[in-house]
Amino acid sequence: ARGASSNAGALVAIADRIDSLVGLFSVGLVPKSTADPFALRRAALGVVQTVIAAGYNVDLRDMVRISAGSIADQTGKDVPLDVQDAVLEFIAKRLEGYLLDNVGIRDDVVKTVLKVKRNERNVVLARALCETISAMINEDKEKIDMAQEAHSRAARLLNSIKDVSMDELVSAR
């Protein structure tokens, strides 16, 4: 990502952005619809881009918890878990957009990978999984097309025999 050419620079950039997200979310300054006066969407996307560019295999939940603990130490007020979860979900949405728009991964692949919460918290792992699944789909496209056709044929057959009981189907073998 821009501005984070060194390892130390990348770490500071990630920490700063996560601190901003956690801090502003904790006081209720969550972006609404098109209004994002504190550029939190950009900050979250910056976290995603910087972590991927640096190749950090980290769980963002841990980073958000560290930030929340630091904020609690400084203010004397705990950052509730639901706020921390909201920050993670917010970053996950930026990850989804990044994988779709910047990496060019298919929508169904991205949504499937990010359905698993652990994957959306580790952006490097999520990207690698999406790229691996995409490569497998591309390699096995002919087999997948044949399987889809067989499934469709079976579904059409089952739909055409609505009034047949299970006993009749078993005895027909």
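Whatever comes next refers back to the structure up there.
Anyway, here's the lowdown on the structure attached to this text. What you see is a predicted model, and the numbers here were worked out from it, not measured in a lab.

## Points about the side chain of Q84
Alright, step 1. Assignment of secondary structure puts Q84 in helix α4 (residues 81-103).
Alright, step 2. Note on Q84: relative accessible area 9%, which makes it buried.
Alright, step 3. Those residues within four positions of Q84 in sequence are excluded, and the remaining contacts are V64, R65, A68 and V79.

## Things to note about helix α5 (residues 107-114)
Alright, step 1. When we look at burial in α5, the residues that qualify are V109, V110, V113 and L114. All buried residues of α5 fall inside an arc of 120° around its axis, so they share one side.
Alright, step 2. Elements that come into contact with the buried residues of α5 comprise α4, α6 (117-121) and α7 (123-139).

## Side note on the packing of aromatic side chains
Alright, step 1. Going through the model one piece at a time under the given rule, you end up with 1 aromatic pair.
Alright, step 2. Note that R94 overlies the ring of F90, its terminal NZ or CZ placed 4.5 Å from the centroid.

## Overview of the packing of helix α1 (residues 7-26) against helix α2 (residues 40-54)
Alright, step 1. Interhelical geometry of α1 versus α2 gives an angle of 150° and a closest axis separation of 9 Å. What the angle tells us is that α1 and α2 run roughly antiparallel. You can see that α1 and α2 cross each other, and the crossing is left-handed. Residues A10, I14, R17, I18, S20, L21, L24 and F25 of α1 lie in contact with α2, whose contacting residues are L40, A43, A44, G46, V47, T50, V51 and A54.
Alright, step 2. A class-by-class count of the residues in the contact of α1 with α2 yields 12 nonpolar, 3 polar and 1 charged.

Calculation rules
- Residues numbered from 1 in each chain as written.
- Predicted model: local features only at pLDDT ≥ 70, side-chain atom pairs only at ≥ 80, totals over all residues.
- Heavy atoms only, no water.
- Helix = DSSP H or I, 4+ residues; strand = E, 2+ residues; numbered from the N terminus.
- Buried < 20%, exposed > 50% of the residue type's maximum accessible area, 1.4 Å probe, protein only.
- Contact = heavy atoms within 4.5 Å.
- Arc of directions from axis to C-beta.
- Phe/Tyr/Trp six-rings, centres within 6.5 Å; stacked < 30°, edge-to-face > 60°.
- Lys NZ or Arg CZ within 6 Å of the ring centre and 35° of its normal.
- Axes fitted to C-alpha atoms, helices over the stretch in contact; angles between N-to-C directions.
- Parallel < 35°, antiparallel > 145°, perpendicular 65-115°, else oblique.
- Left-handed = near helix turned anticlockwise from the far one by under 90°.
- Nonpolar A, V, L, I, M, F, W, Y, C, P; charged D, E, K, R; others polar.

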